Amino acid sequence: MKKQAWTIITPIETKAFAWLDSVAEPLQKGVEAVFGAGALGKKAKSWLNGTPIRHRIHPAFIIIPLGAWTTAELFDALEITSDDPVRREGYAMAADAAVAFGILGVLPTAATGLADWVDTYGNERRVGTAHALLNTTALGLYIASWALRRSGQRGWGQALALAGYSIGGLAASIGGEMVYGLGLNVNYQFFSRPPDEFVDVLAIDDLPADKPVVVEAGDVPVLLMRQGEEIFAVENWCTHAGGPLSEGTFEGCNVICPWHGSRFCLRDGVPLDGPAVTPLRTFEVREQNGRIAVRPSD
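Rules behind the numbers
Residues numbered from 1 in each chain as written. Predicted model: local features only at pLDDT ≥ 70, side-chain atom pairs only at ≥ 80, totals over all residues. Heavy atoms only, no water. Helix = DSSP H or I, 4+ residues; strand = E, 2+ residues; numbered from the N terminus. Rg over C-alpha atoms; globule rule 2.2 N^0.38 Å. Buried < 20%, exposed > 50% of the residue type's maximum accessible area, 1.4 Å probe, protein only. Contact = heavy atoms within 4.5 Å. Lys, Arg positive; Asp, Glu negative; His and termini not counted. Charge placed at Lys NZ, Arg CZ, Asp CG, Glu CD. Salt bridge = Lys/Arg side-chain N within 4 Å of Asp/Glu carboxyl O. Phe/Tyr/Trp six-rings, centres within 6.5 Å; stacked < 30°, edge-to-face > 60°. Pairing = 2+ DSSP bridges. Axes fitted to C-alpha atoms, helices over the stretch in contact; angles between N-to-C directions.

Draft legend 1. Structural view of the overall build of the chain. Looking only at helices and strands, the chain has 6 helices and 10 strands in total. Taken over the C-alpha trace, the chain has a radius of gyration of 25 Å; the compact-globule value for 298 residues is 19 Å, which it surpasses by more than 25%. For the chain, the spread of C-alpha atoms along the principal axes amounts to about 85 × 40 × 35 Å. Per-residue burial for the chain yields a buried fraction of 44% across its 298 residues. In the chain, the proportion of contacts linking residues at least 24 apart, taken out of those at least 6 apart, comes to 60%. The chain carries 25 positive and 33 negative side-chain charges, and their two centres are separated by 3 Å.

Draft legend 2. Layout of the pattern of salt bridges. One pass over the full model with this rule turns up 15 salt bridges. For Lys45, the salt bridge is made with Asp119, and the minimal N-O distance between the two is 2.7 Å. With a gap of 74 residues between them, Lys45 in helix 2 (residues 38-49) and Asp119 in the loop between helix 4 (85-117) and helix 5 (122-150) connect regions that are remote in the sequence. This pair shows no difference in class: Lys45 is buried, exactly as Asp119 is. In this structure, a network of salt bridges that share partners links the residues Asp76, Glu79, Asp96, Arg149 and Arg154.

Draft legend 3. Representation of the packing of aromatic side chains in the model. According to the stated counting rule, one finds 2 aromatic pairs in the structure shown. Centre to centre, the rings of Trp69 and Tyr142 are 3.9 Å apart; their planes meet at 5°, and the pair counts as stacked. Residue Trp69 is located in helix 3 (residues 58-81), and its partner Tyr142 is located in helix 5; the two are separated by 73 residues in the primary sequence. A relative accessible area of 6% means that Trp69 is categorised as buried.

Draft legend 4. Main features of the sheet that holds strand 6 (residues 254-256). Ordered by their spatial adjacency, 4 strands build an open sheet running 5-6-7-8, and the pairing between neighbours is antiparallel. Single-partner strands in this sheet number two, and they are strand 5 (249-251) and strand 8 (271-273). Direction aside, the axes of adjacent strands within the sheet are offset by 30° on average. Of the pairings in the sheet, the one linking strand 7 (residues 263-265) to strand 8 comprises 2 bridges and is antiparallel in character. Bridge pairing in strand 8 places Phe264 opposite Pro271.

Limitation: the analysis is restricted to geometry and does not speak to function.
Here it is as structure tokens:
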């Protein structure tokens, strides 16, 4: 069963933005080299993806710089409109602290974002590159804003902060487009539903030991693997990007996706290495009258 292909067009896909590929390619190679540097690099990437906690980390970190810089804009506005010198000084200190906190918060936010972005390609990679470049521009403006504030040029500092906030908002909207428009890191299991009851899928004799066989349970491709007396049954699509697990590498009761290297336990579907964070859908197996039947596990 072939996975349905979705074609989504965004403005950044046009030839006018092809120059983004010249930025994306060397950046992607550099990030891949860092995360591919032995077991430590691979483990670090899995943590940045959020695999151990089964939840993407990048969306949670986004609120650190955006929240801090939103607070800074509020205190800047209060400073500008206040007639009380004491309060103005307090607002200024609060705004400067919020700007600095947002700058520091960019580091973990960018690291988790790069860990998610490095596995993209084509238009997804291009849109992600535009998102990163805009965020980098916003960061540069905020660093300059903080420096100007420290030197006493508060007016220019506040102006650069407002510009950085506007560009950061644009970057955030593009980040949302990557998820809601392009489906980046969306669990592919939601696009298909298996039957609730047992479905006959294969003759027992057609499932050799230690060799993957893909069958269909309704609209869902199911990977069957016999090891000894046990039969594992999981959805064949990787939850990260829909890669065909049957074409991957098998290590004991684990399977490694051939597309981006996500590693899953066939017994319970749990992701062991990223970039996947969502467990595989698993199936209960019944052997009866020389046939194999499956249904979704509880």
